[in-house]
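Structure at a glance
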Amino acid sequence: MRFNPNNKLITKAEFKSVFDESFKVSQKFLTVLYKPNKKNQARIGLVVAKRSVNSAVARNQIKRVIRESFRLNQEKLAGLDIIVIARQQCGSLDKATLREGIEKLWEKLIKQYKHSSP
RNA sequence: CAGCCAGCCGAGACAGUCGCUGCCGAUUAUUCGGUGGAGGAAAGUCCGGGCUCCAAGGGUAAGGUGCCAGGUAACACCUGGGAAGUGUAAACUUACGGAAAGUGCCACAGAGAAUUAGACCACCCGCCUAUGCGGCUGACGCCGCUUCGGCAGGAAAGGGUGAAAAGGUGCGGUAAGAGCGCACCGCGUCAUUGGUAACAAGGGCGGCACGGCAAACCCCACCUGGAGCAAGACCAAAUAGGAGCUUAUCUUGAUUUAUCAAGAAAAGUGCGACCCGCACUUAAGCUCGGGUAGGUCGCUUGAGGUGUUUGGCGACAAACAUCCCAGAUAAAUGACUGUCCACGACAGAACCCGGCUUAUCGGUUGGCUAUUUU
């Protein structure tokens, strides 16, 4: 399974459309916004604010873990535009906990999505 | 063993699987193969440059640097030297120009704090009063000494205050003292010698004048135009209207009723600190095409690295040979599994260099110093 530029949200407009009208799933460290995109692949955008995670190394780490997890799970998420927002305590987590967290969120998201649009 | 200085290395090592990205090649329209892919600080953005765009002139302001010589593209950096200070030493530290141009400040304490400094205690001479003792006298008294107090002086040596009390130590000197005199030290000044210089050395002269603060204003010398890659250049949807050129405004009066004469200006913009000064714009007509989203370039071959030789105490420079070593753009350089060990710090390029500063675990190399022991 590959991870292409096609799988990314790039422009301001794309981000804005998801922020404006979306469904939300969250837990303590992460928030996920999603919106159907009428395509047969998933697209992801990452938001890790400098305000919430101070260290650049930690920011990179978070993005890499989430992107890797998305790559492995993208087939299940096909047809959605997704934005993952890191919350404040995220910088203190280790990789394993973070991966576990994001995987649980994917499951929760899929459940909610299928329930809302049968 | 204790310490000082200088340097080097590291997402701990190896293997496998799955990915991301620049370039090259093939295939061709999305894949495959090869190859490259974070740091010593990539950080703070504190200095100095390159590069890009903007800037008509004059003046003012503001800021920076500050022992000397050199290095450098340049510097607030580096090297060598001087001076002062710290340390037994190796070494380390220093905003290290001017207080004899002017202004200002020197709290508290203290008697007195900066230009004739300053008598609180204690010291000394004199005079007066009192007390005691001694001597002389028949007596009144007189004289000498002691102690206490007062008055008028002398004196900057002692005590005390303070960050600092107006050269220091010693001897002489004196009523007590004092550069009052002398010796040495310090200071000032004059030339000499050594050094490119900062400065140093010894010498002559001067009894000493010139307190500290310039990280207070200030003076002197030198330097600085502004903004930054979201710079800037090019291509270019939807929507919305921009730029250039030509003619000019208002009030009053006169008449030939669309002409003449006189008077009067305002606001904004630009010259990215301010002032002066200057230029342009406002309404109408004509002509012509640009800008936003997004994309491409800028974007990595450079004051480049490595090696050798030569010059120089050194920073560094020159010559020759050789190498190409991240270039992303919501932003790549990663994830998982296994084995082993000393169980892994600080931390992520964003136009590029040279420095400084700050963060930081562990390993390792070389040189040097002191003490103890042999």
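Structural data are supplied above this passage.
The numbers attached to residues start from 1 for each chain and follow its sequence in the written order. Chains and ligands are labelled sequentially in the order written, the chains with letters from A and the ligands with numbers from 1. The model is predicted, so local features are restricted to residues of pLDDT at least 70 and side-chain atom pairs to those at 80 or more, both for listing and for counting; the totals for chains, interfaces and linings are taken over all residues.

Let's talk about the overall build of chain A
Elements are defined by DSSP. Helices are runs of H or I of four residues or more, strands are runs of E of two residues or more, and each kind is numbered from the N terminus. Check the secondary structure of chain A and you find 3 helices and 4 strands. The N-to-C order of helical and strand elements in chain A reads α-β-β-β-α-β-α. Every C-beta atom is placed from the backbone, and the number of other C-beta atoms within 10 Å of a residue's own sets its class: buried at 20 or more, exposed at 12 or fewer, partly exposed in between. The buried share of chain A, reckoned over its 118 residues, is 25%. Contact definition: two residues whose C-beta atoms, as placed from backbone geometry, lie within 7 Å. Sequence separation of 24 or more characterises 83% of the internal contacts of chain A that already satisfy a separation of 6 or more.

Some details on helix α2 (residues 56-73)
Counted at 1.5 Å a residue, the expected span for α2 with its 18 residues is 26 Å, and the 26 Å between its end C-alpha atoms agrees. Residues of α2 that are buried include every one of Ile 62, Ile 66, Ser 69 and Phe 70, and no others. When α2 is viewed along its axis, its buried side chains cluster within an angular range of 105 degrees and face the same direction. Opposite its buried face, α2 presents the exposed residues Ala 56, Val 57 and Asn 60, each directed more than 90 degrees away. At its buried positions, α2 is contacted by β3 (43-47), β4 (80-86) and α3 (95-116). Multiplying 1.5 Å by the helix residue count minus one yields the expected span of that helix. This arc is taken over the directions from the axis of the helix to the C-beta atoms.

Observations regarding the packing of α2 against α3
As a rule, the C-alpha atoms of each element are fitted with a line to give its axis, helices using only the stretch in contact, and angles between N-to-C directions run from 0 to 180 degrees. Relative to each other, α2 and α3 sit at 45 degrees, their axes nearing to 10 Å. With respect to each other, α2 and α3 are oriented oblique. Considering how the two elements wind past one another, α2 and α3 form a crossing that is right-handed. Where α2 abuts α3, its residues Gln 61, Ile 62, Val 65, Ile 66, Ser 69 and Asn 73 lie against Lys 95, Leu 98, Arg 99, Ile 102, Glu 103 and Trp 106. When an angle is under 35 degrees it counts as roughly parallel; over 145 it counts as roughly antiparallel; between 65 and 115 it counts as roughly perpendicular; any other value is oblique. Handedness of a helix crossing follows the sense of rotation of the near helix relative to the far helix, less than a right angle counterclockwise being left-handed and clockwise being right-handed.

Describing the environment of Gln 41
Mapped onto the elements of the fold, Gln 41 is located in the loop between β2 (30-36) and β3. Considering only alpha carbons, one finds Gln 41 and Lys 76, 35 residues apart in sequence, at a separation of 9.4 Å.

Re the nonpolar core
The term nonpolar core refers to a set of buried Ala, Val, Leu, Ile, Met, Phe, Trp, Tyr and Cys residues connected through C-beta atoms within 7 Å. Within the largest apolar cluster, 25 residues are counted, with the highest numbers of intra-cluster contacts made by Leu 30, Val 32, Ile 62, Ile 82, Val 84 and Cys 90. Per-element accounting of this core gives the leading share, 5 residues, to β4. Contact partners of Val 32, with chain neighbours within four places excluded, come to Val 25, Ser 26, Ile 82, Val 84, Leu 105 and Leu 109.

What to know about the sheet that holds β4
Two strands in a sheet stick together by hydrogen bonds in their backbones, pointing the same way (parallel) or opposite ways (antiparallel). Pairing is mixed across the open sheet formed by 4 strands, whose spatial order is β1-β2-β4-β3. Since the sheet does not close on itself, it has two edges, and those belong to β1 (23-26) and β3, each with one partner. The sheet shows a mean angle of 20 degrees between the axes of neighbouring strands, taken without regard to direction. Two strands are said to pair when DSSP picks up at least two bridges between them. The pairing of β2 with β4 spans 7 bridges and is classified as antiparallel. Bridged to Tyr 34 within β4 is Ile 82.

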